[in-house]
Amino acid sequence: MESANEAIEFARRVFELIDRTRTVSTYKLALLLALIDCCQEGFDERGAAPGMVTTRQVARRVLELYWHQARIYDEQQCVLLQNNGSQAEVLTRIGRFRREHANVTSSYVAERREPMAFARLLNHVEWKLIEMPIPRLHTMGTVSGEPLIYDIHWSKGIRKRASGISAYQQAYLEAVSEYGHADLLDLLDGGDFDNRIRLGDGVGDYLVWLAPLLRPIIQREWTRLVAHFNDVKTHRIEEFLFGPERSDLSGLREPLRELQEGRCFYCDAAIRGSAEVDHFIAWARCPNDDLHNLVLAHGTCNLGKSDHLAGVNHLQRWIKRFEPGSALNDGIRSVADDIQWPASESRSLNIARAIYLPVPPDTPLWARGKQIFEPAKPSEIRDVLASVA
Ligand SMILES: [Zn+2]
């Protein structure tokens, strides 16, 4: 980090920016959160955040956020409005997709079963981002602010055809139709359209370091906005908007029990009776449903750990899941294939680095039980994380 003061100044200005998003839709907040996600999941083994992300990478994260929120909110029997007065276009499209493909539960499955329809949906989200929030994030009304977070090659009022975006998105559809879905396609360059969002100096690292602060604030602001658009109470919808979809996780109990040989991930004692699926890196710190990040634990162990970061012994046990060729590693892959569940090793590892490496010395990490913590030792954490580089 350049200096603590610079990070604080950066944070102050991001807060200002969040404050200015109190407008007509949740798009700008989605963009900010997606940028944080992209930086966390792109945090590499050298401990550096990416300096650039593509519009398609950001679109994928935004689609993921809204995918989850585009389900029916029971109390109102409809999809919650994300726009003042009428529904935001992206939500309408995702809602329609979910209705037309009622057999797919997650966006992950959707992309594999309906690659072309999903690619078109992704294109739509990407175009909306290019058109609306990306060139407007730094501006306030008619005043264009200085580019605090990123630089781009286009401006407000961009036209789809004239700017080469139509051709660029058509090329993506052709690539998906030829090769099927592949993560690498997210990095396809844009031809005539420059799809790079170039992060300012140090910005990626700041976003990773400040994520524990920024994520909850953005989510709270987003919740407040949606509550306002839909005239519901904030506390009623926060979990609906940003919590994990727990119902989906219950199907993982048995496969995880088998992978862990019937033992609790945290205390290693046998699991008799019921057990809970836990996100090793807490969902609140970075939403990651990847199979590597899911462990089975006693209800009491899960409750004790809660949203805390687990101590280095737990991290060491967890990192074994990534050991190439190990029975555990193979087991996770085969379960993921069997039940069509996401299992991207690099994504989970990058996120773990992004969450653990910035932890200051002596931060309390959860060890066991209700209240037993241990002080973090950054050098130990670094060694454990480096053991699977
Ligand atoms: Zn336990």
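All of the points below concern the structure found in this document. (Residues numbered from 1 in each chain as written. Predicted model: local features only at pLDDT ≥ 70, side-chain atom pairs only at ≥ 80, totals over all residues.)

## A short note on the pairing of strand 7 (residues 294-297)
Quick reminder of the rule: Here a residue counts as buried when 20 or more other C-beta atoms fall within 10 Å of its C-beta, as exposed when 12 or fewer do, and as partly exposed in between; the C-beta atoms come from the backbone. For helices the rule is a DSSP run of H or I covering at least 4 residues; for strands it is a run of E covering at least 2, with both sets numbered from the N terminus onward. Pairing between strands requires that DSSP locate at least two bridges from one strand to the other.
Every second residue of strand 7 is oriented toward a common face, with L294 and L296 on one face and V295 and A297 on the other, all of them buried. The pairing of strand 6 (residues 276-279) with strand 7 spans four bridges and is antiparallel. By the bridge assignment, D278 is partnered in strand 7 with V295.

## Brief notes about the sheet that holds strand 4 (residues 150-151)
Put simply, the rule is: It is the C-beta atoms, placed from the backbone, that decide contacts: two residues are in contact if theirs lie within 7 Å. Geometry is summarised by axes, namely lines fitted to C-alpha atoms with helices restricted to the contacting stretch, and by angles between N-to-C directions that run from 0 to 180 degrees.
Here we have three strands laid out as an open sheet, ordered 1-5-4, and antiparallel in their pairing. Strands at the two margins of the open sheet, each flanked by one partner only, are strand 1 (52-54) and strand 4. Across two bridges, the pairing between strand 4 and strand 5 (residues 196-199) is antiparallel. Paired with D151 across the strands is R198, a residue of strand 5. The strands touched by helix 3 (residues 55-69) are strand 1 and strand 5; relative to strand 1, the strand with the most contacts, the crossing angle is about 70°.

## Details of the environment of E221
For E221, the location among the structural elements is in helix 9 (residues 203-230). The sequence separation of E221 and A30 amounts to 191 residues, and the corresponding C-alpha distance is 11 Å. Leave out the neighbours within four places in its chain, and E221 touches I18, T21 and L29.

## Here we look at the packing of helix 3 against helix 6 (residues 115-131)
To be explicit about the condition: Here the angle decides the label: under 35 degrees means roughly parallel, over 145 means roughly antiparallel, 65 to 115 means roughly perpendicular, and every other value means oblique.
Across the interface, helix 3 lies against helix 6 with an axial gap of 9 Å and an inter-helix angle of 110°. Overall, the two elements helix 3 and helix 6 adopt an arrangement that is roughly perpendicular. Every residue of helix 6 that contacts helix 3 at T55, R56, V58, A59, R60, V62 and L63 is listed here: L121, L122, V125, E126, L129 and I130.

## Considerations on the nonpolar core
Rules: The nonpolar core is taken to be a set of buried Ala, Val, Leu, Ile, Met, Phe, Trp, Tyr and Cys residues joined by way of C-beta atoms within 7 Å. Either an automatic procedure or a domain database provided the assignment from which the domain bounds are taken.
Core analysis: the largest hydrophobic core is formed by 97 residues, its most contacted members being L31, L35, V58, V62 and Y66. Broken down by element, the residue count for this core peaks at twelve residues, all from helix 9. Here this core spans two domains, since at least three of its residues come from each of domain 1 (4-242) and domain 2 (247-386). If near-sequence neighbours (up to four positions away) are discounted, Y66 is found in contact with A30, V90, L91 and I94.

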